[in-house]
Amino acid sequence: MSMNRGRTVGSKWVKTKVLLLNKELRKFVPETRIYSQKNLLAMLNKHKMVYVKPINGTSGQGIIRVEKNETYRFQSGKAAKSFRTFLGLFGALNRAKLNRSYLVQQGIHLLTHQKRIFDTRIMVQKSPKKTWEATGYIGRVAHPHKIVTNFHNSGKPLPLELLLAPYLKNQRKDDYIKSLRHLGYQIATHYQKVYPGFKEIGVDIGIDKKLKPWVLEVNTAPDPFIFNQLKDKKMFFKVLRYSRANGRFLPVKRK
C-alpha cells in the first residue's frame, strides 16, 4: 500500500485499508470490496443491502444503494429501479454509476429520525498545543427521498443529542456521544502513524439498530462549516479556530 504523506487522502479504498491495519478499529469497519460482478453478487447474497461508492468522490455523489429481496433493486438520488434478475440489475447499475472505479460496502440499517436515516460526523483536530482533540459532533439527516446524508445532497444537520433522544436517555446518551468522540480520537491517532502530515479528520459514523457504531468514511479534508448549522455556535467557533490554527480557512486579508 503506497502511503501518501500529504495532508489529504482521496481514495476510500486506501482509507479503508488503513483502518483495517488496526485490530481495535477493524470491528467498526463495514465489509468493503472492490466493485465487480462477482463481488457485488457475493456481498448482496451475504448482506442483502450494500452501498456502491466511487473510490474517489465527495459530497455523496455517485453513491448507489443496492438491495436483494424477492427482486433486485437500486436507488441513486431519488430514483429507484427494480429488476427480476441479478444480471439485469448489474447491467443497469453499470449504466447508472459514474465512469470511475467503485467499491461495494456492506449496508448498515441506520437509526432514523422522522423516518429519515441519519449518521454523525465527528470532527477531530490537532489543538494549538499539537494534541488530538475531538472538537465537534453533529447529526446528519438524509433528505426523505434520498440515501445519503451529506449537507450538499439536501441532508439536514441537527444536534446529535436530539437525534439520539428516542434511543438513549440522559447519562447513557452523554456517555454514548463521549464514546463516539473517543472512537474519532482513536482513528486520528492511528491515521497519524500512517500519514504523519495531516492535522484534521472528519469521521462519518453510522449507528445501527443495536446502537453499534460503524465507520462509514474518514475525511482528511473535513469542512468545519457544517457546525455553523447548529443554533449553538460554541462548537463551530472552536472547530473554526482550530482549523485556522492548522492553516486552513484563514480569513482573507484586505489590502
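Preceding this paragraph is the structure being described.
In this report, we go over the structure that sits alongside the text.

Calculation rules
- All residue numbers refer to position in the chain's written sequence, counted from 1.
- This being a predicted model, a pLDDT of at least 70 is required before a residue's local features are given, and a value of 80 or more before pairs of side-chain atoms are given or counted; all residues contribute to the totals for chains, interfaces and linings.
- For side-chain calculations, the full set of non-hydrogen atoms in the structure is used, while hydrogens and water are omitted.
- Only DSSP runs of H or I with at least four residues qualify as helices, and only runs of E with at least two residues qualify as strands; both kinds are numbered from the N terminus onward.
- For the radius of gyration, the atom set is restricted to C-alpha positions; the globular benchmark scales as 2.2 Å times the number of residues to the power 0.38.
- A contact between two residues is defined here by any heavy atoms of the two lying within 4.5 Å.
- Method for areas: the Shrake-Rupley scheme with a 1.4 Å probe, in which residue coverage is limited to the protein chains shown.
- His residues and chain termini do not enter the charge count, which takes Lys and Arg as positive and Asp and Glu as negative.
- For this purpose, a charge sits on NZ of Lys, CZ of Arg, CG of Asp or CD of Glu.
- Burial classes follow relative accessibility: with a 1.4 Å probe on protein chains only, a residue under 20% of its type's maximum area counts as buried, one over 50% as exposed, and anything between as partly exposed.
- When DSSP finds two or more bridges between two strands, those strands count as paired.
- A 1.4 Å probe that fits into a set of points on a 1 Å grid over the protein atoms alone but cannot get out defines a cavity; an open set with protein on both sides within 12 Å along at least five of seven lines defines a pocket, and lining residues are those with an atom within 4 Å of a point.
- Grid points are joined across faces, edges and corners, and a volume is the space filled by probe spheres set on the points.
- Here the term charged refers only to Asp, Glu, Lys and Arg, the term nonpolar to Ala, Val, Leu, Ile, Met, Phe, Trp, Tyr, Cys and Pro, and the term polar to all other amino acids, Gly among them.
- Each residue after the first adds 1.5 Å to the expected span of a helix.
- Working note: the arc is built from the helix axis to C-beta atom directions.

1. Observations concerning the overall build of the chain
The helix and strand inventory of the chain stands at seven helices and twelve strands. Taking 2.2 N^0.38 as the reference for a compact globule, 255 residues should give roughly 18 Å; the C-alpha atoms of the chain span a radius of gyration of 19 Å, in line with that estimate. Along the first, second and third principal axes, the C-alpha atoms of the chain reach 60 × 45 × 45 Å. Relative to all contacts within the chain whose residues are 6 or more apart in sequence, the contacts with residues 24 or more apart total 60%. Of the roughly 13300 Å² that the chain leaves accessible, carbon and sulfur atoms contribute 52%. Averaging the positions of the 51 positive and the 15 negative side-chain charges in the chain gives two centres separated by 6 Å.

2. Considering the pairing of strand β11 (residues 200-207)
With eight of its eight residues buried, β11 lies for the most part within the structure. Here β11 shows two buried faces, one formed by E200, G202, D204 and G206 and the other by I201, V203, I205 and I207. As judged from the seven bridges shared by strand β8 (residues 116-126) and β11, these two strands associate in the antiparallel manner. Its bridge partner being in β11, T120 is matched across the sheet by I205. Inspection of the sheet shows β11 paired to strand β12 (residues 213-219) by six bridges, in the antiparallel sense. By the bridge assignment, V203 is partnered in β12 with V218. Here β11 hands over to β12 after five residues, with L211 in that stretch at a positive phi of 70°.

3. Some words on the layout of surface pockets
Computed from the structure, the second largest pocket encloses a volume of approximately 180 Å³. Looking at the second largest pocket, the residues that line it are Y137, P159, E161, L230, D232, K234 and M235. When grouped by side-chain class, the residues that make up the lining of the second largest pocket number four nonpolar, no polar and three charged.

4. A few points about unusual backbone geometry
A positive phi angle is found at K115, which is not glycine, with a value near 65°. Even without a glycine there, the phi angle at L211 is positive, about 70°. By the secondary structure assignment, L211 is in the loop between β11 and β12. For L211, a relative accessible area of 18% translates into the label buried.

5. Considering helix α7 (residues 234-245)
Helix length check: α7, at twelve residues, gives a terminal C-alpha distance of 17 Å against a target of 16 Å (1.5 Å per residue), a fit within 8%. Turning to α7, its buried residues are M235, F236, V239, L240, Y242 and S243. Within α7, the buried residues cover an arc of 160° as seen down the axis, which keeps them to one side. When the buried face of α7 is taken as reference, the exposed residues oriented beyond 90 degrees from it are K234, F237 and R241. Among the residues trailing α7, G247 stands out with phi positive, at a value near 85°.

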